[in-house]
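So you can see what is in the structure, the chains are spelled out below.
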Amino acid sequence: MFSSYMIFDGMNSVERATRLRLILSKSWKMFILAAIYGCMNILSFIALRNIDAGTFTVVAQCKILTTATFSAIMLNREYSWTKWRSFIQLMVGVVLFSAPLWDHSNDVSGAQKSSSAQFNFIIGISAVAVEVTLSGFASIYFEKVIKTDNIQLGIWDRNFQLALGSFPIYVGFMFWHAVSCTESTGNKCEVMFGGWSLMAVVCSMFGAGGGLLVALSIKYGDSILKTLATTGSIILSSLLDHFLLGGPLSPVMICGGIQVVLAICNYTFDATVSDEQVFSSIEAGKTLEGKTCDDEEKGEHADRKIKP
């Protein structure tokens, strides 16, 4: 709704119709992204039904590496060894920061060492691995569309297209859930807004606002910076949870938080010069040298004209 307001505000009916036709005609790329996001949500539910939250959190951190890998492949970006080391350091920091989830998962796994539990574990790990791969691809795909597409639509246009593509997918999920719920319980389940509360509405609005901020961060930054900021927010939210709600904060978590901060600093302040930057500097030097020579030749030619 906010994206549509930003797009169509101040337009008359003819301009709105023309703009809407343009957006709809060029929306197939974002429909692909909406389908990917829908698959990611399904895979997350499958993973969490088969593995514990601690294992899910640890494996999910691989999205840092998948995002960097797809960035290098799809956008031809080059990262120094310092940056790659900072990615691994970031993963290790988040894994250490998730130590309370490990303790809970160890308690659960001790009572579930049957063959069926092992099969569920394989299903869960496979689901989260595919979800992590799709997450890295989706981030770089979205960045590629909004930055290198021949038709440069605004960020609000792209969000509007993504919402249009997501709407039928999630409505289909709701009807499927209602049908499966009715069959399993024997009672008719609500399709729309079943179980919604005021807190659920507020959380959904915050989630929508977060999606807009993510889109803006990719538009004016890149997907790697977005991933770094998201990881840093985990540390911030955990600190707020500890000081405001009495959540856990162990020495292992503190070490993990320091690792995350150092990794972000290593990536941000990396002074390594890439081959592309060296090549650009050489080309710029050649251009400047050639321009200087031309200026000198023009000056000598002007001096000859002035002399009698």
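Scoring rules and cut-offs
Residues numbered from 1 in each chain as written. Predicted model: local features only at pLDDT ≥ 70, side-chain atom pairs only at ≥ 80, totals over all residues. Heavy atoms only, no water. Helix = DSSP H or I, 4+ residues; strand = E, 2+ residues; numbered from the N terminus. Buried < 20%, exposed > 50% of the residue type's maximum accessible area, 1.4 Å probe, protein only. Contact = heavy atoms within 4.5 Å. Areas by Shrake-Rupley, 256 points an atom, 1.4 Å probe, with all protein chains shown as cover. Core = buried A, V, L, I, M, F, W, Y, C linked by side-chain atoms within 4.5 Å. Polar contact = N/O pair within 3.5 Å; in protein donor to acceptor, adjacent residues only side chain to side chain. Salt bridge = Lys/Arg side-chain N within 4 Å of Asp/Glu carboxyl O. pLDDT = per-residue confidence, 0-100. Lys, Arg positive; Asp, Glu negative; His and termini not counted. Phe/Tyr/Trp six-rings, centres within 6.5 Å; stacked < 30°, edge-to-face > 60°. Lys NZ or Arg CZ within 6 Å of the ring centre and 35° of its normal. Axes fitted to C-alpha atoms, helices over the stretch in contact; angles between N-to-C directions. Parallel < 35°, antiparallel > 145°, perpendicular 65-115°, else oblique. Left-handed = near helix turned anticlockwise from the far one by under 90°. Nonpolar A, V, L, I, M, F, W, Y, C, P; charged D, E, K, R; others polar. Expected span 1.5 Å × (residues − 1). Patch = residues over 30% accessible without salt bridge, like charges linked within 9 Å, V, L, I, M, F, W, Y side chains within 5 Å.

(A) Just the overall build of the chain, in detail. Across its full length, the chain holds 13 helices and 0 strands. When its helices and strands are written in sequence order, the chain yields α-α-α-α-α-α-α-α-α-α-α-α-α. Within the chain, the fraction of its 308 residues that count as buried is 32%. Contacts spanning at least 24 positions in sequence make up 80% of the contacts within the chain whose residues lie at least 6 apart. About 19,300 Å² of surface is accessible on the chain, with carbon and sulfur atoms providing 67% of the total.

(B) Region of interest: the nonpolar core. Judged by nonpolar contacts, the single largest core of 18 residues is most densely connected at Met-30, Leu-33 and Phe-142. Those elements that provide at least two residues to this core are helix H3 (28-50), helix H5 (63-74), helix H8 (115-148), helix H9 (155-185) and helix H10 (198-220). It is H8 that contributes the most residues to this core, 6 residues altogether. Setting aside chain neighbours within four positions, we find Met-30 in contact with Phe-142, Val-145, Arg-158, Gln-161 and Leu-162. In this structure, Tyr-79, Val-94, Phe-97 and Val-260 belong to the second largest nonpolar core, which totals 15 residues.

(C) Layout of the environment of Asn-12. Looking at the secondary structure, you find Asn-12 in the loop between helix H1 (2-8) and helix H2 (13-25). Among the polar contacts listed, one links the side chain of Asn-12 to the backbone nitrogen of Val-14, at a separation of 3.2 Å. At a separation of 2.8 Å, a polar atom in the side chain of Asn-12 contacts the main-chain amide nitrogen of Glu-15.

(D) Summary view of the pattern of salt bridges. All told, the structure shown has 4 salt bridges when counted by the stated rule. We note a salt bridge from Arg-19 to Asp-157, for which the minimum N-O separation is 2.4 Å. On the criterion of sequence distance, the pair formed by Arg-19 in helix H2 and Asp-157 in helix H9 is long-range, its members being 138 residues apart. Three or more residues are tied together by salt bridges with common partners; here these are Arg-77, Glu-143 and Lys-147.

(E) Inspection of the confidence of the model for the chain at higher detail. On average, the chain scores 77 in pLDDT, and the residues at 70 or more come to 78%. Scored below 50 in pLDDT, residues 108-112 makes 1 contact in the model with residues more than four places away or belonging to other chains.

(F) Structural view of the side chain of Glu-131. Among the structural elements, Glu-131 can be located in helix H8. Despite being buried, Glu-131 has no salt bridge partner; Lys-63 is the closest side chain of opposite charge, sitting 4.6 Å away. Leaving out residues up to four positions away in the same chain, Glu-131 has contacts with Met-40, Leu-43 and Ser-44.

(G) View of the packing of aromatic side chains. The final tally for this structure, using the stated rule, is 7 aromatic pairs. Ring-pair connections join several aromatic residues into one group, and the members of that group are Tyr-79, Trp-84, Phe-87 and Tyr-267. Taking NZ or CZ as reference, Lys-83 lies 5.1 Å from the ring centre of Tyr-267, over its face.

(H) View of the packing of helix H6 (residues 81-97) against helix H12 (residues 251-268). In the contact formed by H6 and H12, the axes pass within 7 Å of each other and the chain directions differ by 160 degrees. When the axis of H6 is compared with that of H12, the two are roughly antiparallel. Crossing of H6 over H12 shows left-handed handedness. Two secondary-structure elements touch here, H6 through Thr-82, Lys-83, Ser-86, Phe-87, Gln-89, Leu-90, Val-92, Gly-93, Val-94, Leu-96 and Phe-97 and H12 through Val-252, Met-253, Gly-256, Gly-257, Gln-259, Val-260, Leu-262, Ala-263, Ile-264, Asn-266 and Tyr-267. Its residues assigned to classes, the contact of H6 with H12 shows 13 nonpolar, 8 polar and 1 charged.

(I) Quick look at H2. A rise of 1.5 Å per residue sets the reference length of H2, with its 13 residues, at 18 Å; its end C-alpha atoms lie 18 Å apart and thus fit the reference within 8%. Between a side-chain oxygen at the N-terminus of H2 and the backbone nitrogen of Val-14 the separation is 3.2 Å; the capping residue is Asn-12.

(J) Main features of a nonpolar patch on the surface. Taken together, the side chains of Trp-196, Leu-198, Met-199, Val-201, Val-202, Met-205 and Phe-206 present a nonpolar region at the surface, about 790 Å² in accessible area. Along the chain, Phe-206 falls in helix H10.

(K) Structural detail: the packing of H5 against H6. Direction vectors running N to C along H5 and H6 enclose 155 degrees, while the axes themselves pass 9 Å from each other. Judged on the interaxial angle alone, H6 and H5 are roughly antiparallel. Counted together, Ile-64, Leu-65, Ala-68 and Thr-69 of H5 and Trp-84, Phe-87, Ile-88, Leu-90 and Met-91 of H6 form the full contact between these two elements. Looking at the contact of H5 with H6 residue by residue, the class counts come to 8 nonpolar, 1 polar and no charged.

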